[in-house]
Amino acid sequence: MKSNANPLKHLTTGRRGFLAGTAALGIGAGLSTHAIASRAEANETTDFSQRDQDLPFIGTEETFSTHELMVLNDRLFLEDTGLAELGPRRIGAMDEAGLNVQILSAHTPGVQNVKGQKGIDFAYRLNKLLVDGPMATYPGRFKAFATLPLQNPEASADELERTVREDGFLGCLTNGIIGKKFLDHPDFEPLLARAEALDVPIYIHPGLPPDEVFEIYYSNMRPEYQKEFQDQVLSISAYGWHQEVVTQCLRMITSGVFDRYPKLQIIIGHMGEGLPFFYKRVVEKMSEVTKKSLDKPFEQYFHENSWFTTSAFPQTELLDLLLKYISVDRVMFATDYPFANMKTQTDWFRGVDLPREAKEKIAFRNAEKLFGIKV
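Residues numbered from 1 in each chain as written. Predicted model: local features only at pLDDT ≥ 70, side-chain atom pairs only at ≥ 80, totals over all residues. Heavy atoms only, no water.

Caption draft 1: Structural context of the overall build of the chain. Scanning the chain from N- to C-terminus turns up 18 helices and 8 strands. Sorting the 375 residues of the chain into buried and exposed places 56% on the buried side. At a minimum sequence separation of 6, the contacts of the chain that also span at least 24 residues come to 79%. When the accessible area of the chain is evaluated, it comes to approximately 16,600 Å², of which 53% is carbon and sulfur surface. (Helix = DSSP H or I, 4+ residues; strand = E, 2+ residues; numbered from the N terminus. Buried < 20%, exposed > 50% of the residue type's maximum accessible area, 1.4 Å probe, protein only. Contact = heavy atoms within 4.5 Å. Areas by Shrake-Rupley, 256 points an atom, 1.4 Å probe, with all protein chains shown as cover.)

Given below as structure tokens:
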């Protein structure tokens, strides 16, 4: 088998065909970087970083905000990060890193907690800001995921369709739990159906935990430590929101979302949000209890309905683990700017021990295929 082949591409759909095919291939649907590299041409240079200096990149998780949005979400302390800058500073960082395209998305939690017409109008303004601003000023350098007023799923479906059809947006990005509901809740069926009909993905990004979850799981019982924001950081970037994204994605499988919408695609960032570590155990345990309730083997939904990005995790051992279970054809590059340094991310990936063809897939070709764009 060639190193760039998708091990699942020619398998028949359905439980029996999938299980037979994966059994023949071994335990994982993907390959580690070392396994892929071992199939590279014998005379291929081992100085990957120098060889791949010309590698194009599409950044699939690149964040922005506005002063108004930061005020809404009590995030003014982030003003100096460059989050709201969509001009020369950001373009300069992209050029320095060799990042050709950023796919922009609103900083968590966006406007998804704003109810009624106010939320609908706010989402529209944010989306139009991108179209009339950076996307017009720097043609080809910026694409976008729609910000949606998720308190109103019908309006969200309509705004997703408007942004895709009128403004060329590539899908939408959600930020964690929506009120007290995940995307598998029946309320969000209109949005899921519209995303499938439009053939655009939903990027499931982490969000802030509800107050009740925060108090039970993360609240620090030693108030003298609060000046260091220990419990807040634990509840989000250090640990909490990675687990929450995986929980949401697993719920979408177990509740039959992908059986009802078999062509729906979701994107999971941060090198799989910890899922690769749990992959074997999750598949083993959940397969036992979903045989009669799902149309396909549990793991098949990871390989037919899920995409993964490298955002903010420039660690080769984690990429190895992800590729052990997930095909190289479903992994995309991302930096998580401005919360991670773009050049650090691109420099790391240029030096990863993978054949050129596999690196091109992750760096830009898979994104081109999924989103229907070109670098």
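Caption draft 2: Geometry of the packing of aromatic side chains. For the coordinates displayed, the defined rule picks out 13 aromatic pairs. With centroids separated by 5.5 Å and ring planes inclined at 50°, the aromatic side chains of tyrosine 279 and phenylalanine 302 adopt a geometry described as tilted. Taken together, the residues span a long stretch of sequence, with tyrosine 279 in helix α14 (residues 275-289) and phenylalanine 302 in helix α15 (residues 300-304) at a distance of 23 residues. For the residue pair tyrosine 279 and phenylalanine 302, the accessibility class agrees, reading buried in each case. (Phe/Tyr/Trp six-rings, centres within 6.5 Å; stacked < 30°, edge-to-face > 60°.)

Caption draft 3: The sheet that holds strand β1 (residues 58-64), seen in detail. Strands sit in the order β1-β2-β3 across an open sheet of 3 strands; the sheet is parallel. Strand pairing shows two members of the sheet lacking a second neighbour, β1 and β3 (142-144), which therefore form its edges. Each adjacent strand pair in this sheet contributes to an overall mean axis angle of 35°, direction not counted. Two elements, β1 and strand β2 (residues 101-106), share 5 bridges in a ladder whose sense is parallel. Each bridged residue has a counterpart across the sheet, and for phenylalanine 64 the counterpart in β2 is alanine 106. Here helix α5 (residues 88-97) sits on the sheet and contacts β1, β2 and β3; the angle it forms with β2, its principal contact strand, is near 135°. (Pairing = 2+ DSSP bridges. Axes fitted to C-alpha atoms, helices over the stretch in contact; angles between N-to-C directions.)

Caption draft 4: Structural view of empty space enclosed by the protein. Here the structure, examined in full by the defined rule, presents 2 cavities of 30 Å³ or more. Of the volumes computed, that of the largest cavity is approximately 70 Å³. Forming the walls of the largest cavity are 13 residues, and the residues nearest its centre are Ala146, Thr147, Leu148, Leu173 and Asn175. Mapped onto the lining of the largest cavity, the elements with two or more residues apiece are β2 and β4 (172-175). Partitioning the lining of the largest cavity into residue classes produces 7 nonpolar, 6 polar and no charged. (1 Å grid on protein atoms, 1.4 Å probe; cavity = no way out; pocket = protein on both sides within 12 Å on 5 of 7 lines; lining within 4 Å. Points joined across faces, edges and corners; volume = space filled by probe spheres on them. Nonpolar A, V, L, I, M, F, W, Y, C, P; charged D, E, K, R; others polar.)

Caption draft 5: Main features of the pattern of salt bridges. One pass over the structure, following the stated rule, counts 23 salt bridges. The salt bridge involving aspartate 329 is made with lysine 361; its shortest N-O contact spans 2.5 Å. With a gap of 32 residues between them, aspartate 329 in the loop between α16 (316-325) and β8 (331-332) and lysine 361 in helix α18 (residues 356-371) connect regions that are remote in the sequence. By relative accessible area, aspartate 329 is classed as buried at 12%. Here lysine 361 falls in the buried class, since its relative accessible area comes to 11%. The residue aspartate 347 makes a salt bridge to arginine 350 at a minimum N-O spacing of 3.1 Å. Of this pair, aspartate 347 and arginine 350 both sit in helix α17 (residues 342-350), 3 residues apart, roughly one helical turn. (Salt bridge = Lys/Arg side-chain N within 4 Å of Asp/Glu carboxyl O.)

Caption draft 6: Fine view of the side chain of arginine 75. Summarising the element assignment, arginine 75 is placed in the loop between α4 (67-72) and α5. Of the side chains with opposite charge, aspartate 74 comes closest to the buried, unpaired arginine 75, at an N-O distance of 4.9 Å. Excluding its chain neighbours within four sequence positions, the residues that come into contact with arginine 75 are Met70, His107 and Leu208. (Lys, Arg positive; Asp, Glu negative; His and termini not counted.)

Caption draft 7: View of the side chain of serine 306. Relative to the helices and strands, serine 306 is located in strand β7 (residues 306-309). You can call serine 306 buried: its relative accessible area is 2%. At 3.2 Å, the side chain of serine 306 and the backbone oxygen of tyrosine 301 are in polar contact. (Polar contact = N/O pair within 3.5 Å; in protein donor to acceptor, adjacent residues only side chain to side chain.)

Caption draft 8: How the structure looks around the packing of helix α8 (residues 153-167) against helix α9 (residues 189-198). It is at 8 Å that the axes of α8 and α9 come closest, and there the two elements cross at 20°. On the basis of the axis angle, α8 is roughly parallel to α9. Viewed along their axes, α8 and α9 form a crossing whose handedness is right-handed. Contact with α8, carried on its side by Pro153, Glu154, Ser156, Ala157, Asp158, Leu160, Glu161, Val164 and Arg165, involves Pro190, Leu191, Arg194, Ala195 and Leu198 of α9 and no other residues of that element. Taken together, the residues that form the contact of α8 with α9 break down as 8 nonpolar, 1 polar and 5 charged. (Parallel < 35°, antiparallel > 145°, perpendicular 65-115°, else oblique. Left-handed = near helix turned anticlockwise from the far one by under 90°.)

Caption draft 9: Expanded view of the nonpolar core. If you look at the biggest cluster of nonpolar residues, it comprises 93 residues, and the most contacted ones within it are Leu160, Leu319, Phe349 and Phe371. Ranked by residues supplied to this core, first place goes to α18 with 7 residues. (Core = buried A, V, L, I, M, F, W, Y, C linked by side-chain atoms within 4.5 Å.)

Caption draft 10: Broad picture of the pairing of β4. Residues Cys172 and Thr174 point to one face of β4 and Leu173 and Asn175 to the other, with burial holding for every one of them. Between the parallel elements β4 and strand β5 (residues 202-205), the chain passes through α9 in a crossover that is right-handed. (Right-handed = clockwise from strand over helix to strand, strands pointing away.)

Caption draft 11: A look at the sheet that holds β8. Read across the open sheet, the 5 strands follow the order β4-β5-β6-β7-β8; overall the sheet is parallel. Among the strands making up the open sheet, the edge pair consists of β4 and β8. Two elements, β5 and strand β6 (residues 266-268), share 3 bridges in a ladder whose sense is parallel. Considered in β6, the bridge of isoleucine 204 is made with isoleucine 268.

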